[in-house]
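Here's the letter readout for the chains.
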Amino acid sequence: METINKQIDISVIIPIYNEEQIIPELYERLHKTVVQISEHYELIFVNDGSEDYSLLELIKLSEQDERVFYINFSRNFGHQIAVTAGLDACKGKAVVIIDGDLQDPPELITDLYSKHKEGYEVVYAKRAERKGESFFKKSTAKLFYRVLKRITSINIPMDTGDFRLIDQKVVHYLKQMSEQNKFLRGQIAWLGFRQTQVLFNRDKRKYGKTGYSLSKMLHFAMDGITGFSDKPLQLVTKLGFTISFISFLIILYAVYSHFILDRTITGWTSLIISSMFIGGVQLISIGVIGEYISRINKNVLKRPMYIVEKSNIKKSNKTEVKKYVKI
Ligand code: UDP
Ligand code: MG
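Quick caveat: nothing in here was measured; it's all calculated off a predicted structure. (Residues numbered from 1 in each chain as written. Chains lettered and ligands numbered in written order. Predicted model: local features only at pLDDT ≥ 70, side-chain atom pairs only at ≥ 80, totals over all residues. Heavy atoms only, no water.)

Considering the pattern of salt bridges
Note on pairing: side chains with opposite charge can pair once their charged atoms come close. By the definition in use, this model includes 16 salt bridges. Ionic pairing is found between lysine 93 and aspartate 9, a salt bridge with its closest N-O pair at 3.6 Å. Within this pair, whereas lysine 93 is found in the loop between helix 4 (79-89) and strand 4 (94-97), its partner aspartate 9 is found in the loop between helix 1 (2-6) and strand 1 (10-16), the two being separated by 84 residues in sequence. Here lysine 93 falls in the partly exposed class, since its relative accessible area comes to 32%. One salt bridge connects aspartate 159 with arginine 146, and the closest N-O pair in it is separated by 3.8 Å. One end of the pair, aspartate 159, is in the loop between helix 6 (135-151) and strand 6 (160-167); the other, arginine 146, is in helix 6, and 13 residues separate them in sequence. Its relative accessible area of 22% is what places aspartate 159 among the partly exposed residues. Within the structure, one salt-bridge network assembled from shared partners comprises Glu19, Asp101 and Arg205. (Salt bridge = Lys/Arg side-chain N within 4 Å of Asp/Glu carboxyl O. Helix = DSSP H or I, 4+ residues; strand = E, 2+ residues; numbered from the N terminus. Buried < 20%, exposed > 50% of the residue type's maximum accessible area, 1.4 Å probe, protein only.)

Re the packing of aromatic side chains
All told, the structure shown has 9 aromatic pairs when counted by the stated rule. Taking the centre distance of 6.4 Å and the plane angle of 90° together, the rings of phenylalanine 144 and phenylalanine 183 count as edge-to-face. One end of the pair, phenylalanine 144, is in helix 6; the other, phenylalanine 183, is in the loop between helix 7 (168-176) and helix 8 (184-191), and 39 residues separate them in sequence. Across this residue pair, the class does not change: phenylalanine 144 and phenylalanine 183 are buried. Ring centres 4.9 Å apart and planes at 45° place the aromatic pair phenylalanine 183 and phenylalanine 220 in the tilted group. (Phe/Tyr/Trp six-rings, centres within 6.5 Å; stacked < 30°, edge-to-face > 60°.)

Points about the site of ligand 1
If you check the shell around ligand 1, you find 19 residues, and the closest are Glu19, Asp48, Gly100, Asp101 and Gly211. At 2.8 Å, a backbone N or O of proline 15 approaches an oxygen atom of ligand 1. Contact between ligand 1 and lysine 216: an oxygen atom at 2.8 Å from a side-chain N or O atom of the residue. Relative to its free-state accessible area of 520 Å², ligand 1 is covered by the protein chains to the extent of 95%. When its residues are assigned to classes, the shell around ligand 1 shows 4 nonpolar, 7 polar and 8 charged. (Near = heavy atom within 4 Å. Polar contact = N/O pair within 3.5 Å; in protein donor to acceptor, adjacent residues only side chain to side chain. Areas by Shrake-Rupley, 256 points an atom, 1.4 Å probe, with all protein chains shown as cover. Nonpolar A, V, L, I, M, F, W, Y, C, P; charged D, E, K, R; others polar.)

A closer look at helix 8
For helix 8, the tally of buried residues reaches 7 of 8 residues, placing the bulk of the element in the interior. Burial in helix 8 covers these residues: Leu184, Arg185, Gly186, Gln187, Ile188, Ala189 and Leu191. At the C-terminal side of helix 8, glycine 192 shows a positive phi close to 85°.

Following this line, the structure appears as structure tokens:
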């Protein structure tokens, strides 16, 4: 029957933000690698509000190869949401997430797939070396993952991006995690299953520039922390207790000094130091709480996570996916 022929062995999800120059080479390399695994593949490109001609390139590809699909967002929603849209649409038994700028070599998919065949549901690609990225980016990323490891109880793998292969079963459970602020690498780690890694050297960008501005990076880091740890809130509480305790001792000393020793310390300096210090600590604490509240707010509003302006994917094929996801 036709549906059996149409079963898809592998889906590849590629978020695209201003990558027009690279799309033809990206497709060539992806096709060459994936077709060796199975002819029944699908490439899902998610155009995340690119301002260049990425969409035209994608439409052109989809006309040449019926296994190429595109989802065009109505605006830029961000990398994690672009990948989420791909996950919502994919039908393959194995699903690969890969960056669209060729920093993640498509040829590695062969290795990821063979590990999957050995029985691993999650195979992530770990960066052994990162070429062409600034010292600032590398060191802040390194620091971030080390901090995250310390403050969360789940084992988020170090030095990995979202380049990985996951089983359709994992996709099924990912879709049930309804948080609006996505931190997919954390969510996948949280889900568990058999996980392993493959090492690779990350190339530098060939064309264009990074779509991750500093503010997007900070926001992403905050999503990772707030989504997987309450430690910052506990830290605020501990800080409050510590400062209150120290203040109590200082109060005792001030009262003793005033009434018993009859000696009041004069001076604007001590007053301004203490009030500025407390002011700063309070503002930081409110900020920490605010980060959590803004995420609660986003989840309460429950807006659609993304808006699809145009796509060549036919509406949901859930029954087909259910066939090989045993729940
Ligand atoms: N990207 C996206 N939306 C964005 C920013 C980036 O879909 O708002 C895509 C981008 O096209 C690329 C991937 O996400 O395929 C990784 O982004 P980028 O290379 O800019 O990040 P970096 O490698 O510098 O961390
Ligand atoms: Mg990149």
